[in-house]
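Topology and contacts: notes
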Amino acid sequence: FPSHDKHKIIKELSQVHYDNLNMNSVLKPYENNLPNFLNFLEKEWNWKITYNQESKAIIADENKNICVCPMINVKSGIKPEALCYCSEGFAERMFSKVAGKPVSAKVISSIHRGNPTCKYQIQLS
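Conventions and cut-offs
- Residues numbered from 1 in each chain as written.
- Predicted model: local features only at pLDDT ≥ 70, side-chain atom pairs only at ≥ 80, totals over all residues.
- Heavy atoms only, no water.
- Helix = DSSP H or I, 4+ residues; strand = E, 2+ residues; numbered from the N terminus.
- Buried < 20%, exposed > 50% of the residue type's maximum accessible area, 1.4 Å probe, protein only.
- Contact = heavy atoms within 4.5 Å.
- Polar contact = N/O pair within 3.5 Å; in protein donor to acceptor, adjacent residues only side chain to side chain.
- Phe/Tyr/Trp six-rings, centres within 6.5 Å; stacked < 30°, edge-to-face > 60°.
- Expected span 1.5 Å × (residues − 1).
- Core = buried A, V, L, I, M, F, W, Y, C linked by side-chain atoms within 4.5 Å.
- Pairing = 2+ DSSP bridges.

Quick word on the environment of Glu-42
Along the chain, the position of Glu-42 falls in helix α4 (residues 34–44). Among the residues examined, Glu-42 registers a relative accessible area of 33% and is labelled partly exposed. C-alpha separation for the pair Glu-42 and His-17, spaced 25 residues apart in sequence, amounts to 21 Å. Residue contacts for Glu-42: discarding those within four places in its chain leaves Trp-47, Lys-48 and Ile-49. Of the polar contacts made by the side chain of Glu-42, one reaches the backbone nitrogen of Ile-49; its length is 3.4 Å.

Written out as structure tokens, the structure reads:
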């Protein structure tokens with residue numbers, strides 16, 4: 001597969017994990033309430049959040065020195081750093097659900113790419 005196809009396919013895998021965790025129910029109290037959701041991420045998941053309201057950009061740092069991806073310990077044949085595309089899709093799904101409209105997410109830091117933590121840049125529209 002060309003790399004952009006692999007990126008798209010792996011990103012789509014996030015739907016399975018999202019559904020398995022019943023994320024629509026988890027996120028329901030935060031729909032259309034981004035400030036409360038960001039507070040939830042900081043308090044409950046211990047994430048570090050930076051939100052620039054002017055540029056509508058969020059930097060979401062998982063703030064963990066381990067990879068939380070459930071597929072990493074499975075012999076999938078996929079290189080761990082490629083699985084970050086799945087995490088990208090998961091973040092997009094979460095923030096889109098809360099925002100009530102599509103957002104884009106990009107992994108900007110990853111433990112499997114040699115960084116100390118995993119971070120996402122979320123661009124609200």
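Let's talk about the packing of aromatic side chains
For the structure shown, the criterion picks out eight aromatic pairs. Relative to Phe-90, the ring of Tyr-18 lies with its centre 5.7 Å away and its plane at 65 degrees, an arrangement referred to as edge-to-face. Note that Tyr-18 is positioned in helix α2 (residues 14–20) and Phe-90 in helix α5 (residues 84–99), a separation of 72 residues in sequence. Consider the rings of Trp-47 and Tyr-120, whose centres lie 6.1 Å apart with planes at 25 degrees: the pair is stacked. With Trp-47 in the loop between α4 and β1 (48–52) and Tyr-120 in strand β4 (residues 119–123), this pair connects stretches of sequence that are 73 residues apart. The exposure class of Trp-47 is buried, given its relative accessible area of 8%. An aromatic cluster is present here, built from Tyr-30, Phe-37, Phe-40, Trp-45, Trp-47, Phe-95 and Tyr-120 joined pairwise through their rings.

Quick word on α5
For α5, spanning 16 residues, the distance from its first C-alpha to its last is 22 Å, which sits close to the expected 22 Å at 1.5 Å a residue. Counting buried positions along α5 gives 12 out of 16 residues, so the element sits mostly inside the fold. Of all the residues in α5, the buried ones are Cys-84, Cys-86, Glu-88, Gly-89, Phe-90, Ala-91, Glu-92, Arg-93, Met-94, Phe-95, Ser-96 and Val-98. Of the residues one or two after α5, Gly-100 is the one with positive phi, at around 75 degrees.

What to know about the nonpolar core
Judged by nonpolar contacts, the single largest core of 25 residues is most densely connected at Leu-34, Phe-37, Leu-41, Ile-58, Met-94, Phe-95 and Ile-122. At the level of elements, α3 (23–27), α4, β2 (57–61), α5, β3 (104–109) and β4 are the ones that each hand at least two residues to this core. The biggest single contributor to this core is α5, with six residues. Not counting chain neighbours up to four residues away, the residues in contact with Met-94 comprise Tyr-18, Met-23, Leu-27, Phe-37, Trp-45 and Trp-47. With five residues, the next largest nonpolar core counts Ile-10, Cys-69, Leu-83 and Cys-86 among its residues.

Quick look at the pairing of β1
Relative to β2, β1 runs antiparallel, the two sharing five bridges. Bridge assignment links Ile-49 to a residue of β2, and that residue is Ala-60. Between the end of β1 and the start of β2, which pair antiparallel, lie four residues, with Lys-56 showing a positive phi angle near 55 degrees.

Such coordinate-based values are descriptive only and should not be taken to indicate function.
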